[in-house]
Amino acid sequence: MSVRSVFVVQNNIIAIICLSIQLYTRLYERCAYEDPIEMSAFSQVIDDEHMLKITSNFKRLGDRCYLENAGATLYPQSLLVNVNEDLMSNVYMNPHSDKYTKDCIEQIRCMILRHFNTDPSNYTVIFTSGTTHSLKLILEAFRFSSISDPHNERNNGAFVYLRDNHTSVLGLRELASDKNADVIHIGHDEFLTAMNTYQKHKTSWKDKYKSNNGPNTLFVYPAQSNFNGYKYPIDAIDNIKNGGLISTLKKNLCQINNNWYVLLDAASFVSTSKLDLSKTQPDFVCLSFYKIFGYPTGLGALLVKNSSQDVLSQKKHFGGGTVDIVLSSEDYHMKKANLCERFEDGTVSFLSIIALKHCFDTMQKLIPRTRHANMMDTISYHTFSLAKDLFHQLQELRHSNGNKAAVLYMDSDFSDIKKQGGIVTFNILRDDKSYVGYAEFQHMADLFNISVRTGCFCNSGSCQRHLMSTNKEMKEMYKAGHVCGDEIDLINGRPTGAIRVSFGYFNSFHDVDKLITMICRCFVKGNYRRSKRVQNNKFTLLDSIKSSKLMNSLSNLHKILSSEDELINNLNEEQEYAQLQSKIVVKEAAIFPIKSCGAYKIRFAWKIGPKGFEYDREWMIIKDTGVCLTQKHNSRMCMIRPKIDLKQRTMTLHFKGKSPITIPLDSAQNRLKESSLCNSKVCTDTVQGYDCGDDVANWISEALEVSYLRLIRQSSADHRVQKKKMSGEKTLLSLSNQAQFLLINKATVRWLHDKIRDPLFVDNLENLTDRFRGNIIIDMENELVEREWHKLIIGNLEFRVEGQCNRCQMVCIDQQTGEKTAEPLRTISEQFGGKMRFGIYLSYLGSLDGSDDHSLKIDTPVTPIINDDDISR
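Everything numeric in this text was worked out from a predicted model, so none of it was measured.

Regarding its fold elements, the protein chain presents 27 helices and 37 strands. By sequence separation, contacts in the protein chain at least 24 residues apart represent 72% of the contacts at least 6 residues apart. For the protein chain, the accessible area works out to roughly 39,600 Å², and carbon and sulfur atoms hold 49% of it.

This is the structure:
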């Protein structure tokens with residue numbers, strides 16, 4: 001080993017020790033453990049770009065890990081913005097007096113039915129205050145008795161419910177008893193066995209026990225258990241209606257020639273799964289919208305199959321808007337003929353209902369359709385994969401003595417998404433096999449800023465079954481002082497409840513790892529064996545130094561440093577990498593003064609202002625509708641070539657075949673306009689700008705062959721900010737789409753150029769580079785490495801990487817001629833597995849030495865920084 005190598009090793013060891021002490025001290029002071037370096041991919045289903053878009057809507061969480069989506073999912077920030085804008089811009093009145101508001105509500109009813117793949121000809125939407133209200137409404141109106149003999153108490157139908165239902169369903173038996181219906185409960189295994197048995201005998205049973213004029217039986221079960229996410233067979237509804245549960249009535253000595261109706265509690269299911277009412281058609285479906293969207297609360301729906309509505313004939317109470325005529329001095333009234341009007345007593349929560357439009361719209365924009373081209377299927381697979389990962393990690397969790405550290409209360413093994421949702425329910429065991437009380441777990445989770453649900457989750461049937469407690473034992477627990485919602489988590493060493501983790505679309509594998517890390521730190525004795533998913537990630541030595549191995553104990557540092565050869569090899573690799581990076585330089589720079597028009601190439605240097613390069617995307621062309629024009633709509637825009645003269649303070653526009661036109665850079669800001677940039681990636685912004693006059697407007701209209709175009713310049717007072725900022729900082733933007741700067745690595749362009757096999761694509765390297773419309777063009781030896789960078793130092797200037805640029809068809813426009821080609825987008829998609837990303841976004845942070853020189857110069861060296869602790873990307 002050379003003297004220089006020894007010196008480098010010693011310096012790095014000192015740096016490593018200092019870093020580990022700092023990290024360990026910070027861990028001790030916070031009494032919490034986080035391991036961002038070992039965060040794997042966000043998801044196996046949703047790509048990182050969409051996950052970043054999603055998580056940027058939940059910045060209010062900070063470092064909180066929210067895992068209580070089965071109780072209430074969280075609303076995205078953009079949803080509230082959209083709802084607020086709507087309410088601030090429109091006047092909505094009581095729908096009983098305002099036809100417009102009523103029409104809006106009717107449109108939203110149709111939107112709800114479309115979401116469940118049905119329409120008003122099959123189902124009717126009745127708005128309620130939530131699932132519990134919907135359940136109660138059905139029982140109050142349901143006719144159990146026979147039409148032919150309504151007063152025969154021995155023939156008054158039956159109310160049958162699954163014992164593993166939510167408490168709100170159990171409460172219905174009181175109403176059924178008041179109607180003299182037989183009340184029958186059925187167990188989890190009994191129900192599944194009955195459905196399997198029916199499948200074997202369905203031909204001989206079908207229609208055998210039906211009686212059109214006989215009494216009615218109502219069966220209630222959940223589409224998904226809120227206790228552990230088990231999905232009950234919703235495709236069994238026809239089997240139930242055709243006699244699949246007759247044996248249950250026989251066993252209870254009840255009338256069997258009944259008409260069966262099915263009430264599906266879909267509250268837990270529809271929050272993360274697709275309910276397709278074109279394939280399965282329960283008579284009644286109840287749900288709460290906050291379970292799906294997080295907002296609004298206090299609003300639910302009862303979906304009634306139109307062909308089943310006649311059985312809801314015993315509704316007694318009526319309120320405003322539900323009757324056609326009522327006399328105050330005589331017991332006389334006539335209810336509305338329309339089902340939803342008949343059941344919606346009083347004024348519906350019309351502002352909350354109107355908010356549902358934005359709920360659906362926001363989710364459609366946030367969630368990609370990566371599974372079966374369906375938003376809800378994407379959410380279902382995403383949450384399922386997270387829960388499956390947690391399930392297997394808990395299964396494998398062991399104490400140092402080999403004893404299991406977790407008891408799982410599941411009814412599936414996560415082998416089939418049709419049988420399991422994104423919920424995991426468990427308890428923790430100590431190394432002596434004794435239970436950790438759920439209240440203790442809850443307190444520790446709160447310390448680590450993790451939100452979970454503990455107890456029995458208002459599902460006493462499932463809780464009792466999985467905890468294997470008899471009715472007698474449950475009553476003894478009550479006598480001992482244990483009631484629902486208290487913190488008596490252990491009685492005689494046995495748990496009275498459990499821990500539930502439920503995932504939403506904004507959760508990621510980082511949340512799984514954070515929870516497992518907390519469990520290991522607090523309750524598991526022994527070394528934490530990372531999941532295979534985490535172990536498969538490859539880290540450099542320096543990454544390992546910053547990982548949890550050192551944070552667990554400084555003694556691990558000795559183990560890492562004891563392998564001298566490994567250390568030297570890694571340090572040599574780091575040195576080689578640093579030498580390679582020193583060869584990176586800025587080869588070109590460009591600004592695009594008019595959004596979507598041609599580039600102005602910078603020869604020597606250019607000043608950076610608060611919004612990026614000065615004069616970059618400071619002007620835009622708008623149509624007479626106020627919509628911003630882009631190359632997507634008019635590819636000739638790239639042939640408008642601006643030239644800026646800083647000495648003369650002018651910008652001259654050139655276009656082939658036309659005389660140039662010059663406008664001043666310091667023109668008087670007159671005739672203020674506000675133009676909404678619709679149909680673009682900044683469509684939610686309203687930009688204030690100044691009209692540049694008729695002369696240039698006419699010139700542009702003639703060049704682009706589009707009438708009534710205007711050139712608008714963004715006002716210096718317009719403070720448009722970057723949206724996808726997880727740090728909470730406000731970065732000002734001009735009229736660019738995503739960030740202040742776009743950087744292109746010419747080595748990556750060369751790599752792409754070599755990959756393109758289309759013989760019709762004849763671009764040279766320079767023309768291909770121009771298609772990506774980068775502000776900063778660097779050159780180096782390695783391709784694609786820029787995708788891993790977190791920060792850049794260019795000379796004396798510091799930049800932060802804001803993510804990769806998601807490409808569209810604009811890269812298929814030849815920036816010299818305006819002609820469109822299939823490449824290079826096709827090859828980009830092919831090379832990156834359908835993810836069309838090329839180039840990275842940058843935001844300017846300032847000069848390193850605090851100087852006033854904010855100019856970027858050509859041929860300046862570039863130093864990238866890879867900081868794996870930065871998880872903001």
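Attention shifts here to the sheet that holds strand S14 (residues 453–455). Here we have 4 strands laid out as an open sheet, ordered S11-S12-S17-S14, and antiparallel in their pairing. A single partner strand is all that each edge strand has here, and the edge strands are strand S11 (406–408) and S14. For this sheet, the mean angle separating the axes of adjacent strands, direction not counted, is 35°. With 3 bridges connecting them, S11 and strand S12 (residues 423–428) associate as antiparallel partners. Paired with valine 407 across the strands is asparagine 427, a residue of S12. Against the sheet, helix H14 (residues 375–396) engages S11, S12 and strand S17 (498–502), with an angle of about 20° to S12.

For the rest of this paragraph, the subject is the nonpolar core. Ile112, Phe127, Phe191, Tyr221, Leu275, Phe289 and Leu303 are the most contacted members of the largest nonpolar core, which totals 78 residues. Ranked by the residues each element gives to this core, the list is headed by helix H13 (residues 350–366), at 9 residues. Not counting chain neighbours up to four residues away, the residues in contact with phenylalanine 127 comprise Ile105, Ile108, Arg109, Ile112, Phe289, Leu299, Gly300, Glu344, Ile353 and Leu356.

Here we come to the sheet that holds strand S21 (residues 612–613). Judged by pairing direction, the sheet is antiparallel, and its 3 strands sit side by side in the order S21-S20-S36 without closing on themselves. Among the strands making up the open sheet, the edge pair consists of S21 and strand S36 (855–857). Bridge analysis of strand S20 (residues 605–609) against S21 gives 2 bridges, and the strand direction is antiparallel. Each residue of the ladder has a partner; that of isoleucine 608, found in S21, is phenylalanine 613.

The next subject is the UniProt feature "active site" (unreviewed entry) in the protein chain. Under the UniProt annotation, the feature "active site" (unreviewed entry) is placed at Cys458. If you trace the backbone, cysteine 458 turns up in the loop between S14 and helix H16 (460–467). Setting aside chain neighbours within four positions, we find cysteine 458 in contact with Asn165, His166, Thr167 and Arg453.

With that settled, the discussion passes to the pattern of salt bridges. The final tally for this structure, using the stated rule, is 35 salt bridges. In this structure, the salt-bridge partner of glutamate 68 is arginine 453, at a minimum N-O distance of 3.9 Å. In this pair, glutamate 68 sits in the loop between strand S1 (65–66) and helix H3 (77–89) while arginine 453 sits in strand S14, placing the two residues 385 residues apart along the sequence. Exposure remark for arginine 453: the relative accessible area of 25% places this residue in the partly exposed category.

Glancing now at the environment of isoleucine 246. Residue position: isoleucine 246 is located in helix H10 (residues 246–251). You can call isoleucine 246 buried: its relative accessible area is 4%. When the C-alpha atoms of isoleucine 246 and alanine 194 are compared, they prove to be 9.0 Å apart, with 52 residues separating the residues in sequence.

The omega torsion across tyrosine 295 and proline 296 is -5°, close enough to zero to call that bond cis. Its place among the elements puts proline 296 in the loop between helix H11 (290–293) and strand S8 (300–305). Even without being glycine, asparagine 117 reaches a positive phi, approximately 60°. Its place among the elements puts asparagine 117 in the loop between helix H4 (99–115) and strand S2 (123–128).

Within strand S5 (residues 216–222), 7 of the 7 residues are buried, which leaves the element mostly enclosed by the surrounding structure. Both faces of S5 are covered, namely the face carrying Asn216, Leu218, Val220 and Pro222 and the face carrying Thr217, Phe219 and Tyr221. Looking at chain direction, strand S3 (residues 158–162) and S5 are connected through 4 bridges and run parallel. Residue pairing in the sheet places phenylalanine 159 in a bridge with leucine 218 of S5. Sheet analysis places S5 next to strand S6 (residues 259–265), joined by 7 bridges and oriented parallel. Each residue of the ladder has a partner; that of leucine 218, found in S6, is tyrosine 261.

Another point: the state of the cysteines. Considering all chains together, one arrives at 1 disulfide under this definition. Put simply, cysteine 456 and cysteine 463 are joined by a disulfide, and their sulfur atoms are 2.0 Å apart. Looking down the S-S bond of the cysteine 456 and cysteine 463 bridge, the torsion is -50°, so its handedness is left-handed. Classification of cysteine 463 by relative accessible area gives buried; the value is 2%. Of the cysteine sulfurs around cysteine 484, a residue in no disulfide, the closest is that of cysteine 458, at 5.2 Å.

Cut-off values and rules
Residues numbered from 1 in each chain as written. Predicted model: local features only at pLDDT ≥ 70, side-chain atom pairs only at ≥ 80, totals over all residues. Heavy atoms only, no water. Helix = DSSP H or I, 4+ residues; strand = E, 2+ residues; numbered from the N terminus. Contact = heavy atoms within 4.5 Å. Areas by Shrake-Rupley, 256 points an atom, 1.4 Å probe, with all protein chains shown as cover. Pairing = 2+ DSSP bridges. Axes fitted to C-alpha atoms, helices over the stretch in contact; angles between N-to-C directions. Core = buried A, V, L, I, M, F, W, Y, C linked by side-chain atoms within 4.5 Å. Buried < 20%, exposed > 50% of the residue type's maximum accessible area, 1.4 Å probe, protein only. UniProt positions renumbered as here; feature names shortened; annotations may be inferred. Salt bridge = Lys/Arg side-chain N within 4 Å of Asp/Glu carboxyl O. Disulfide = S-S within 2.5 Å.

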